[in-house]
Amino acid sequence: MNPSEQIGVYVHIPFCVRKCAYCDFLSFPADVKTQEDYVNALCKQIDATEEKRPVASVYIGGGTPSAIEPKWIDKILCKLHGDYRIDPDAEITIEVNPGTLGDSHFAVYKSAGINRLSIGLQSAHDDELHLLGRIHTYSDFLRTFQEARNAGFENINVDLMTALPGQDAGKLRHSLNCVTDLEPEHISAYSLILEEGTPFYAQRKDLDLPDEKKERALYYLMRDHLTAHGYTHYEISNFAKDGHESRHNCSYWTGQDYLGLGLGASSLLSNVRYRNETDLKSYLQDPCAREAEEVLGEKERMEEFMFLGLRMLRGIREQDFEHAFHKPVDSVYGKVIGKLFEQGLIRRENGRIFLTDSGIDYGNHVFSCFLL
Amino acid sequence: MDQSKIRNFCIIAHIDHGKSTLADRIIEQTGLLTSREMQAQVLDNMDLERERGITIKSQAVRTVYRAKNGEEYIFNLIDTPGHVDFNYEVSRSLAACDGAILVVDAAQGIEAQTLANVYLALDHDLDVFPVINKIDLPSAEPDRVAAEIEDVIGIEAQDAPRISAKMGIGIDEVLEQIVAKVPAPKGDPDAPLKALIFDSIYDSYKGVIVFCRLMDGRVRKGSSVKMMATGAVCEVVEVGTFGAGVFIPCEELSAGMVGYLTASIKNVRDTAVGDTVTDAEHPCKEALPGYKKVQSMVFCGVYPADGAKYPDLRDALEKLQLNDASLNYEPETSVALGFGFRCGFLGLLHLEVVQERLEREYNLDLVTTAPSVVYKVHKTDGTVIDLTNPTNLPDPSEIEYMEEPVVSAEIMVTKDFVGPIMELCQERRGRYISMEYMEETRALLKYELPLNEIIYDFFDALKSRSRGYASFDYDMKGYERSDLVKLDILINHEEVDALSFIVHAASAYERGRKMCEKLKEEIPRHLFEIPIQAAVGSKIIARETVKAMRKDVLAKCYGGDITRKKKLLEKQKEGKKRMRQIGNVEIPQKAFMSVLKLDES
């Protein structure tokens, strides 16, 4: 472990007001007492976790972190500042849901050192929001966004979704216009994925889901709209104005270490990946228990280097591969790269390998080719 | 050497009736080896033979038996291959013997190969005596089987030893009967040398080792000998007899003896099985009868998966051929597969054995094309060509007519399955010849069948349609005129020469359709749609489409998703299938053998 290497810290708040129809994250509604117990357990975990490396980013996600009282967020951040070496200019993000915000939220967040917000909007159409099971309307979002700006937040992400049931180009274009008019610094736009175990998955036969062709058309529309409005497409589903790429999320794609705190959060520390306890009761008793520990050998690290790195539009740098694995990328992936290049799925320029537009469409095929 | 104390014999049996086990017991109980030295099956010393439970190459072993009359006898047991592909080798092994033990399974009774082998033995004037094996099985019916042997074959079976080779029961009696019933050889040791080659193997130190039975004369180190059919002349370096798996050199071999000689011969081709060895200076008047040049019955293209390995494949074939005179090959090229060889085999089993040996012993990764028989193409200009590769079929306008090889087949089947087996023979264009009931419950069906209908999966079909109760044997009958066409396969509109095959016109549509279906299963999705078409001439007769790959990309992949998403990608990953690039389509190597599996449901 390089002691000067920076790491990212993820904090999981598994609570929400109501579970959305497409959500497969570890989250559920809970009473205030449980929430308080949870925050205490989380603080215990922070105390017990030794980590000396500088922290370049903190990301508080969920669930809905804004569904718990803001003072608890403050408490968690205080704890983090006390125990870890958080860089003065660290990117500190919290996810918020427009339906959960009271008057004091943003002020507390601001004073706790949070400098980036990620607001879950998903759609500017109330009927779509309803279908998704969101607890807010578009106007709730607008108000939240204004309040956030008023509170002085200058780095805001808005989440959007494409490939929604019944969504056509017109509806998506409207949502996109609504969002780009507000000029957030960052936009994450995800194609809806039906995850097993979600209500949407169960109803999938009855949902008016776009076919492959339409899904891609909506994706292109979204991409073209956002790039035309000054956003850089830097990851398959992420767009940012210059200098506003999410530093925390980039750390996942570039193979940096990250420390996950809270129920079911994953960590990657010195080539070991593990998950925290996923059962709430057990977590409250022993917040440091781990499960699914996995040691990443060279093979796994090379695979991840490639398929995560290629998610970023700038791709991977061949020199970085060589530096990490002490051999040229071609000695491992020469054949695969040659084949994908011939198929027009990747390009290789200036010492980098990256996806073409078509490569994005067939992303899973490309990624799977890099599994050894 | 006193010929009256020599017994040269073989054991003949249907597959799995216990030939190799009985051989093991005889070797064991004649005291040549201790029990500890016995491997499970001493005669089968190739790994492959053991795994498949069949004897591929005939071999011999010499043992010493002290009979109950107090005399010592030399037993030369010559092992014979049991499979129809190796019929010629069986016949040469039999010719080296004076008698044969017929092993019949006490539960199953006489089977097709039992009959075929008995007839072959009787043709060679061997004295055949039966042994009823596996009497330890609960379903054994030795009395019924003895009666069946007498009825069907017409040889005395009432005093046949009833044994269990597996349990070691009754072996003594078999040994005594060998002494009593196998005649002693009666050659003239002072006549010119006349010896039958019944096998030969290549050894990297000694060169070719010739296995022979001396009919007349003598041979010793320094003798100058001549192979009468091939004309090769050489000086004998060593002579000897066969221990179990070892060669025991001796001074001289003389009339009646079975043994080996080495003469620094470099290729087994010079010592063809069935040829006669004689003295180069004082040759015998005429060669022993029955020598045939080995004819390949089945051909297929063998290509290295990696084109750069072509020289390795060539070397491997050369080496294999040193040991296997029945393997033929010549270089050919395929548009689809590059440089390779068209190889000729005795039959499909032989093909599989060679293919496995190439892959296993020589570590080669191979692509083999569909097997083909040899067709005779009569051209309009009056010439006739032997077609071993469908790709070389001349333009239809140049063809007067075509002929295909036909075999006479004997199928033995229990009464209940006569219907399904007849149906199978009809489907395979069989011509019904006769049916006789061997006994109340079993019939012997005779059919004439085109060879190309049985080389693919006939054995499997026979087994499955008779629930294992049918047995099968065949002999080449000759060539017959037939309405044949070449079926071509186009993948993404490109004809793939290695997938073409010759088929009877009436089944072209059906085969073409199945072939397309099979290839559709085998070829993975590409970025584009791939049409698979079957064509006869310029007419497309069947089509399937491999759909294009789905556009699909994980929308989200953050720290907590990686492990799970990776598993998802693993699933999507095309297995480590070995592929061959044809145009811009990748075809799994095993797809080239698809035609073999057309009848799988």
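Residues numbered from 1 in each chain as written. Chains lettered and ligands numbered in written order. Predicted model: local features only at pLDDT ≥ 70, side-chain atom pairs only at ≥ 80, totals over all residues. Heavy atoms only, no water.

1. Overview of the overall build of chain B
Of the regular secondary structure elements, chain B holds 13 helices and 33 strands. Across the 601 residues in chain B, those meeting the buried criterion constitute 58%. For chain B, long-range pairs separated by at least 24 residues make up 68% of all intrachain contacts whose partners lie at least 6 apart in sequence. (Helix = DSSP H or I, 4+ residues; strand = E, 2+ residues; numbered from the N terminus. Buried < 20%, exposed > 50% of the residue type's maximum accessible area, 1.4 Å probe, protein only. Contact = heavy atoms within 4.5 Å.)

2. Some thoughts on the overall build of chain A
Each helix and strand in chain A was counted, giving 15 helices and 15 strands. Taking the intrachain contacts of chain A between residues at least 6 apart in sequence as the baseline, contacts between residues at least 24 apart amount to 69%. Within the structure as shown, chain A displays about 15,200 Å² of accessible surface, and the carbon and sulfur contribution to it stands at 49%. (Areas by Shrake-Rupley, 256 points an atom, 1.4 Å probe, with all protein chains shown as cover.)

3. Observations regarding the pairing of strand β9 (residues 224-227) of chain B
The side chains of a regular strand alternate, residue by residue, between the two faces of the sheet. Residues and elements named next belong to chain B. Going residue by residue along β9, you find V225 and M227 tucked away on one face and S224 and K226 left uncovered on the opposite face. Sheet topology places β9 next to strand β10 (residues 233-235); 3 bridges connect them, and they run antiparallel. Along β10, the bridge assignment pairs K226 with V233. Where β9 folds back on β10, the antiparallel hairpin that results is connected by 5 residues, among which G231 adopts a positive phi of roughly 80°. In this structure, β9 lies alongside strand β15 (residues 276-279), joined through 3 bridges in antiparallel fashion. The partner of M227 across the bridge, within β15, is V277. (Pairing = 2+ DSSP bridges.)

4. Remarks on the interface of chain B and chain A
Listed per partner, the contact involves 26 residues of chain B and 38 residues of chain A. Carbon and sulfur atoms make up 56% of the surface buried where chain B meets chain A, a total of about 3,100 Å² over both sides. Summed over the shared surface of chain B and chain A, the number is 8 salt bridges. Here R550 of chain B makes a salt bridge to E212 of chain A, at a shortest N to O gap of 3.7 Å. For the interface between chain B and chain A, the tally reads 20 residue pairs in polar contact (both at pLDDT 80 or more). At 8 residues, helix α13 (residues 562-572) of chain B tops the list of elements feeding residues into the side of chain B that touches chain A. (Buried area = accessible area lost by both parts, 1.4 Å probe. Salt bridge = Lys/Arg side-chain N within 4 Å of Asp/Glu carboxyl O. Polar contact = N/O pair within 3.5 Å; in protein donor to acceptor, adjacent residues only side chain to side chain.)

5. Remarks on a negative patch on the surface
Residues and elements named next belong to chain B. Negative charge collects at one region of the surface, where D306, D312, D315 and E318 lie side by side. Positionally, D315 belongs in helix α7 (residues 310-323). By relative accessible area, D315 is classed as partly exposed at 36%. (Patch = residues over 30% accessible without salt bridge, like charges linked within 9 Å, V, L, I, M, F, W, Y side chains within 5 Å. Lys, Arg positive; Asp, Glu negative; His and termini not counted. Charge placed at Lys NZ, Arg CZ, Asp CG, Glu CD.)

6. Overview of the pattern of salt bridges
For side chains of opposite charge, pairing can occur when their charged atoms come near one another. Summed over all chains, the structure comprises 71 salt bridges over all chains. Sharing partners across several salt bridges, the network here consists of R273, E294, K299, E300, E303 and E304 of chain A together with K566 of chain B.

7. Here we look at the packing of helix α11 (residues 298-309) of chain A against helix α13 (residues 329-342) of chain A
Residue and element names in this part refer to chain A. Put simply, α11 and α13 touch, their axes get as near as 12 Å, and they point 60° apart. It follows from the interaxial angle that α11 and α13 lie oblique. Judged by the sense of rotation from one axis to the other, the crossing of α11 with α13 is right-handed. The segment α11 lies against α13, with M302, E303 and M306 engaging V329, V332 and Y333. Classifying every residue of the contact of α11 with α13 by side-chain character gives 5 nonpolar, no polar and 1 charged. (Axes fitted to C-alpha atoms, helices over the stretch in contact; angles between N-to-C directions. Parallel < 35°, antiparallel > 145°, perpendicular 65-115°, else oblique. Left-handed = near helix turned anticlockwise from the far one by under 90°. Nonpolar A, V, L, I, M, F, W, Y, C, P; charged D, E, K, R; others polar.)

8. Things to note about the packing of aromatic side chains
For any pair of aromatic rings, geometry is given as the distance between the ring centres together with the angle between the planes. Tallied over the full model, the rule gives 30 aromatic pairs over all chains. Centroid distance F106 of chain A to Y109 of chain A: 6.4 Å. Interplanar angle 75°. Geometry classified as edge-to-face. Placement of the pair is F106 of chain A and Y109 of chain A together in helix α3 (residues 105-111), with a separation of 3 residues, close to one helical turn. Here F106 of chain A falls in the buried class, since its relative accessible area comes to 3%. Judged by its relative accessible area of 0%, Y109 of chain A falls in the buried class. Clustering of aromatic rings is evident, with ring pairs tying together Y234, Y252, W253 and Y258 of chain A together with Y558 of chain B. (Phe/Tyr/Trp six-rings, centres within 6.5 Å; stacked < 30°, edge-to-face > 60°.)

9. Digging into the nonpolar core
All names here are of chain A. Counting residues in each nonpolar core, the largest one holds 112 residues, and the members touching the most others are V11, V58, L80, I114 and L117. There are two domains that each give this core at least three residues, and those are domain 1 (7-252) and domain 2 (299-372). Beyond its immediate sequence surroundings of up to four residues, L117 is in contact with T93, I94, V96, F106, Y109, A148, F153, N155, I156 and N157. (Core = buried A, V, L, I, M, F, W, Y, C linked by side-chain atoms within 4.5 Å. Domains from an automatic or database assignment.)

10. Thoughts on the sheet that holds β9 of chain B
All names here are of chain B. One open sheet holds the 8 strands; their spatial order is β10-β9-β15-β6-β7-β14-β11-β12, and the pairing between them is antiparallel. Taken across any chain shown, the strands that pair with only one partner, and hence form the sheet edges, are β10 and β12 (247-250). In this sheet, neighbouring strand axes are inclined to one another by 40° on average, regardless of whether the strands run parallel or antiparallel.

11. What about the sheet that holds strand β13 (residues 316-317) of chain A?
Across a sheet, paired strands are connected by hydrogen bonds in the backbone, their directions being either parallel or antiparallel. All names here are of chain A. Pairing in this open sheet of 3 strands is antiparallel, and the strands run β13-β15-β14 from one edge to the other. Across the chains shown, the open sheet's two edge strands, defined by having one partner strand only, are β13 and β14 (346-349). With 4 bridges connecting them, β14 and strand β15 (residues 352-355) associate as antiparallel partners. Looking at β15, one finds that R348 is bridged to I353.

12. What about the confidence of the model for chain B?
Residues and elements named next belong to chain B. Across chain B, the average pLDDT comes to 86, with 92% of residues at or above 70. Low pLDDT (under 50) marks residues 33-38, which in the prediction has 9 contacts with non-local residues, meaning those over four places away or in another chain. Low pLDDT, under 50, characterises residues 40-58; the stretch is placed with 61 contacts to residues that sit more than four places away or in other chains. (pLDDT = per-residue confidence, 0-100.)

13. Topic: a nonpolar patch on the surface
Together, Y432, M435 and Y437 of chain B make up a nonpolar patch on the protein surface, roughly 280 Å² of accessible area in all. In this fold, Y432 of chain B is placed in strand β24 (residues 431-439).

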